[in-house]
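Residue strings, one per chain:
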Number of protein chains: 2
Amino acid sequence: MTTQKAKTTQNTYRKRTGQANRSHPVKLGGETKSKRQPNSNAVRFIAFGGLEEIGRNMMVLEYRDDVIVVDAGLQFPEEDTPGIDYIIPNTSYLELKKRKIRGLIITHGHYDHIGAIPYVLEQIGNPTIYATELAKEIIMKRQSDFPNAPKPNFHIIKGGDKLKFSDNFSVEIFSVEHSIPEGFGLIFNTPVGKIVHPGEFKFDYGNDGKPKGLGVWENIGKQGIHTLMLDITNSSVPGWSVSERVVERELEKIFKSAEGRIIVGTFSSLLDRIAEIIKIGEKLGRVVMLSGYSLKSNVEIARRLGLIKVKKGTIVPVEEIRNYKDDKILILSTGAQGEEKASLMRIISGGHRQVKVKKTDTFVFSSSVIPGNERSIQNLKDNLARQGAHIYDYKMLDIHSSGHAPQEELKKVMELVNPKHFLPIHGNFFMRWQNAQLAKEAIGLANEKIVLADNGLVVEIAKDGIGVTGEEIPASYVLVDGLGVGDVGEVVLRDRRTLADGGMVVIIAVINKKTGQVLKNPDIISRGFVYLRDNQDLLTAVRNKIRNIIKRTSNRRSADPDYIKALIRDQIGEFLFKKTQRRPMILPVIIEL
Amino acid sequence: MTTQKAKTTQNTYRKRTGQANRSHPVKLGGETKSKRQPNSNAVRFIAFGGLEEIGRNMMVLEYRDDVIVVDAGLQFPEEDTPGIDYIIPNTSYLELKKRKIRGLIITHGHYDHIGAIPYVLEQIGNPTIYATELAKEIIMKRQSDFPNAPKPNFHIIKGGDKLKFSDNFSVEIFSVEHSIPEGFGLIFNTPVGKIVHPGEFKFDYGNDGKPKGLGVWENIGKQGIHTLMLDITNSSVPGWSVSERVVERELEKIFKSAEGRIIVGTFSSLLDRIAEIIKIGEKLGRVVMLSGYSLKSNVEIARRLGLIKVKKGTIVPVEEIRNYKDDKILILSTGAQGEEKASLMRIISGGHRQVKVKKTDTFVFSSSVIPGNERSIQNLKDNLARQGAHIYDYKMLDIHSSGHAPQEELKKVMELVNPKHFLPIHGNFFMRWQNAQLAKEAIGLANEKIVLADNGLVVEIAKDGIGVTGEEIPASYVLVDGLGVGDVGEVVLRDRRTLADGGMVVIIAVINKKTGQVLKNPDIISRGFVYLRDNQDLLTAVRNKIRNIIKRTSNRRSADPDYIKALIRDQIGEFLFKKTQRRPMILPVIIEL
């Protein structure tokens, strides 16, 4: 099979940095009421992230003078954002409205829902954070890396709580199943009706294989729901979730058949899975060792809160590995995505202090592959297979289940909640569009009852309908790079991409300020282009060209350094392209003495 | 869901450039006979690519003075090879043996099997190319881009042919089903026994859903096969192929229900699928327009050779689109992977001259997603969905089927061929390891009968067994970048990656050669780092630091420019890291006057 690997499109990035061509309305139905007066009787919905990507979730519901913010998450960098640490939501709109913010509600403790807090909390006026105990602890753990950030104020919530923000605006909390304990959905009681944001969820299944806890959705349906949002991360996945009971059973089977050590790679954020694995290990009489900082820290928090219950002596430090026989050891490790510095990578590449791979080891990858990580994971498994260990991954057996509802579960929720209007959230347009098709299929919603908004587009939820207004709020990427937040923009990124593709050539010419004549053989330095040392002919030709360019200009009165630089950039750039078919960045420097 | 995106590992690249730590034997079984005398009665197998990646397929079988080369393919660049056009096999071993090369046999006309020919043919002594008519035409089409390359000599082959290279060494050609017409497998008759290289294949299915043409494999099995190679691209995919008859049926269903134009995105290399689509279009009374250079060129070749049969008037130029009603139009387009300049991207982004998206259009993506292209394809579909067209992809319906046999088909071939030894090819170690597990399951092969070699490792196929010798042949990546072949190495790539991550800062200090004193305020130029203009304080601080460094050294006799440069690199690098937590490349230039 043969096909061209797609180059990253500049379009993608431009779109995301807010320079999109929005000539096509970004909604399925409803009426675009362009630039008309806002309807003061409507609830406004705006997402600052999470509608055109997976991650960076942050949205508001506002009614007149009350603004409620839901989540403040981050997104990991992409192919076209080289060198960037995180991408966070643009909160400039909220900064203007900070006096009206009644609270920041956190649906659950994952980084794509809480990770932007240290960067944006102060900017939006340090509102009270409504979060569960677990989410609070994870947020506070992270906050310790930001000693200058203001102290957050928490209000701890639990399922069944009601938060009254004003006479017109209150929120009920309900518990949902996800991949971390204490996941929440929200019912907003507003003057236009009830609006449901179910957080992120999937179905829980009993040992009989039947979904449990559907009563929650039935009860919501009975209340008469005006608008349902829905996490559509898995809207292209057919069928139902793999039951966590099946995952448990399959893991137990593998664990039982393992003759040596068991080493499980997973995400530190999959706390529910981690709890299951520890439980099975304990049941089979193995001690559990945790390898990886975030894993240890998350398990410690969950134990302190009673969310993971283990007997004394089950969890032992990996440093004590020599005290136990191989068939009594279960190691839980981060790094199943092939992250370079993570524990699993160190184990497999031989760089882990306590754990080296043995042929009798059984490695279990209990997590899915995040798009973009295929190669790193492939590499990890190649290295592992070379060492002769036993390997199981989720493609071979049902040893992983996503935290997000697939198609049939999404449809079931739509049927049970039976909303009048539908507003898919979390994920790209096409995925939300697919989910809109599901909604039509499942509950026969007409086009005008479904809104596919984009980040920054104001959605008015009125008594009699729902639609995108013409108003647009800044929602472009804010890039975090080292200590800088927002100081890396499109120009810096474009330069990084150019440098990555073709490297660069710096040309330094020292000229006499008065005569314009070259004082010294031009210096040429290149990186990422070709080895100039191996290309002396090319180097000589470039030097001669530079001398000629400067010579020609030195006879002209109009010759200023910028003009000479432009000539060098163009002519040397073209010359090098002709000779090599490569386009390095050309940086001419003229030093006048 | 939250997880860290894996950073590209330097390890990956190093491994592939041949600096791997091979402390672990790279074979499942057999005995590593390290550095012993070669067995002159054995056949030697060496892969120069295709054993640690998908692509770059090129391997040899040699017996004493006869070397037969199979395929010469390219691989597309990877995340850790920025700016590179292609990766090709390392042929230095073959260059030494060129007088013994009896021929280059091409299994089929895909670029991962023929794409390196223009780069390596002359180097390996311009041997006769044994290829089908179709492969020859595709090779010659490509050759026209390389006017200085020598004229290739072809020997046209077809299924059933026997090629006798010497008394001891002959090859029988047999036809296999793939995704391009005229795919071939090879049976090598050697003094040690018969060795089968089945090319790339999948099963063909009848209308009754039963696999057709299994007789080929049965016949091979009857001959008594010493060693079977097997393309394991899909060794992690369970079950059987989706039948192309099902694909045809599903496509026809969609085409029939389409009210407006039909636009199908696919690969130009999937010639079998293209033929099916044209046939259905013709049957439904639609004219077919081809959009995309490689598509037009491939269809033209296939028609000329009678491999695609269409009535006169079925294929019309896309320029004549205005002459036809929408419901009479079927457009076939390249670019289903979201490639920036491909036809489908231009159609969807509004840049195609003749075709703009209409709401009544039906878009069909009849190809799978190549890992690494997820984002580009997502972007393409987002843009399309925004414009309100109908969209179908292979996840929604059975409208694509891979050209590579999945697990059950691989097992079936193993059972029918029933080889004594097994040598999985095409794809990473873990995938070949998985396939080895299949072989044990399907035909009960013992570990020592299976060899998992790596690129460049010599496998001896002897009468009484098969194993990796200690000999290692150069098989590292050769990178093609513009006109340069092999001149971009690890240093240039590492620089590109560093530049991409943190940008760079050039520091130019002009000093008096005699006194070592600074003659001029140092020049600082940066790209891809931060906007220095917005960071005047930082700029001033850096300038002062540079002045101080030079001042300190100017008092010392030992101060040479290299020493000053090293000081600037270290101290300014650390200073900038402290201030920004970023690590740009620091390039100090000292100009002595």
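Residues numbered from 1 in each chain as written. Chains lettered and ligands numbered in written order. Predicted model: local features only at pLDDT ≥ 70, side-chain atom pairs only at ≥ 80, totals over all residues. Heavy atoms only, no water.

Undergrad: Describe the overall build of chain A, listing the residues and the values that go with them.
TA: The secondary structure content of chain A amounts to 16 helices and 27 strands. Overall, chain A is about 85 × 70 × 50 Å in size when its C-alpha atoms are taken along their principal axes. Counting over 593 residues, chain A shows a buried share of 60%. Entry remark: accessible area of chain A is about 23,400 Å², with carbon and sulfur atoms responsible for 47%. Of note, chain A has its 86 positive side-chain charges centred 5 Å away from the centre of its 70 negative side-chain charges. (Helix = DSSP H or I, 4+ residues; strand = E, 2+ residues; numbered from the N terminus. Buried < 20%, exposed > 50% of the residue type's maximum accessible area, 1.4 Å probe, protein only. Areas by Shrake-Rupley, 256 points an atom, 1.4 Å probe, with all protein chains shown as cover. Lys, Arg positive; Asp, Glu negative; His and termini not counted. Charge placed at Lys NZ, Arg CZ, Asp CG, Glu CD.)

Undergrad: Would you mind going over the interface of chain A and chain B in detail, with residue names and values included?
TA: Taken together, the contact between chain A and chain B spans 103 residues of the former and 103 residues of the latter. Both sides together, the interface formed by chain A and chain B hides about 9,200 Å², and carbon and sulfur atoms give 59% of it. Summed over the shared surface of chain A and chain B, the number is 12 salt bridges. At the junction of chain A and chain B, the tally comes to 22 residue pairs in polar contact (both at pLDDT 80 or more). The element contributing the most residues to the side of chain A that touches chain B is helix α11 (residues 374–386) of chain A, with 10 residues. Among the residues making up the side of chain A that touches chain B, the classes are represented as 39 nonpolar, 33 polar and 31 charged. (Contact = heavy atoms within 4.5 Å. Buried area = accessible area lost by both parts, 1.4 Å probe. Salt bridge = Lys/Arg side-chain N within 4 Å of Asp/Glu carboxyl O. Polar contact = N/O pair within 3.5 Å; in protein donor to acceptor, adjacent residues only side chain to side chain. Nonpolar A, V, L, I, M, F, W, Y, C, P; charged D, E, K, R; others polar.)

Undergrad: So, the relation of the copies chain A and chain B: which residues are in play, and what are the values?
TA: Once turned by 180° and shifted 0.0 Å along the axis, chain A lies on chain B with an RMSD of 0.1 Å. Interpreted geometrically, this transformation is the action of a two-fold axis. Among all residues of chain A, the one whose C-alpha sits closest to the rotation axis is Ala500 of chain A, at a distance of 2.5 Å. Taken as a fraction of all interface residues of chain A, those also at the interface in chain B reach 99%, which identifies the copy contact as same-surface. (Least-squares fit on C-alpha atoms with pLDDT ≥ 70 in both.)

Undergrad: Would you mind going over the pattern of salt bridges in detail, with residue names and values included?
TA: Summed over all chains, the structure comprises 78 salt bridges over all chains. A salt bridge links Lys283 of chain B to Glu252 of chain B; the shortest N-O distance between them is 2.9 Å. Pair noted here: Lys283 of chain B is in helix α8 (residues 271–283) and Glu252 of chain B is in helix α7 (residues 244–257), with a separation of 31 residues, a long-range link. Here the salt bridges do not stand alone but share partners, grouping Lys202, Asp204, Lys212, Glu244, Arg245, Glu248, Arg273, Glu276 and Lys279 of chain A into one network.

Undergrad: I'd like to hear about the pairing of strand β1 (residues 43–49) of chain B, residue by residue, with values.
TA: Residue and element names in this part refer to chain B. Counting buried residues in β1 gives seven out of seven residues, a clear majority hidden from the surface. For β1 and strand β21 (residues 457–462), the ladder comprises three bridges, and the chain directions are antiparallel. Across the sheet, the residue bridging to Val43 is Ile461, located in β21. (Pairing = 2+ DSSP bridges.)

Undergrad: Lay out the packing of aromatic side chains in plain terms, naming residues and giving numbers.
TA: All names here are of chain A. Within the structure shown, the criterion is met by 20 aromatic pairs over all chains. Taken together, a centroid distance of 4.9 Å and an interplanar angle of 45° make the contact between Phe201 and Trp217 tilted. Taken together, the residues span a long stretch of sequence, with Phe201 in the loop between β11 (193–197) and β12 (204–205) and Trp217 in helix α6 (residues 215–222) at a distance of 16 residues. Per residue, the accessibility class of Phe201 equals that of Trp217, and both read buried. One aromatic cluster is present, built from ring pairs that chain together Phe76, Tyr86, Tyr119 and Phe146. (Phe/Tyr/Trp six-rings, centres within 6.5 Å; stacked < 30°, edge-to-face > 60°.)

Undergrad: Which residues make up the sheet that holds strand β24 (residues 484–485) of chain B, and what values go with them?
TA: Note on sheets: strands pair through backbone hydrogen bonds, and any given pair is parallel or antiparallel. All names here are of chain B. Spatially, three strands are ordered β4-β23-β24 in an open sheet, and the strand pairing comes out antiparallel. Each of the sheet's edge strands pairs with one partner strand only, and the pair in question is β4 (86–88) and β24. In this structure, β4 lies alongside strand β23 (residues 478–481), joined through three bridges in antiparallel fashion. Opposite Tyr86, over in β23, you have Val480 as the bridge partner.

By themselves, these are just geometric observations and shouldn't be taken as functional.
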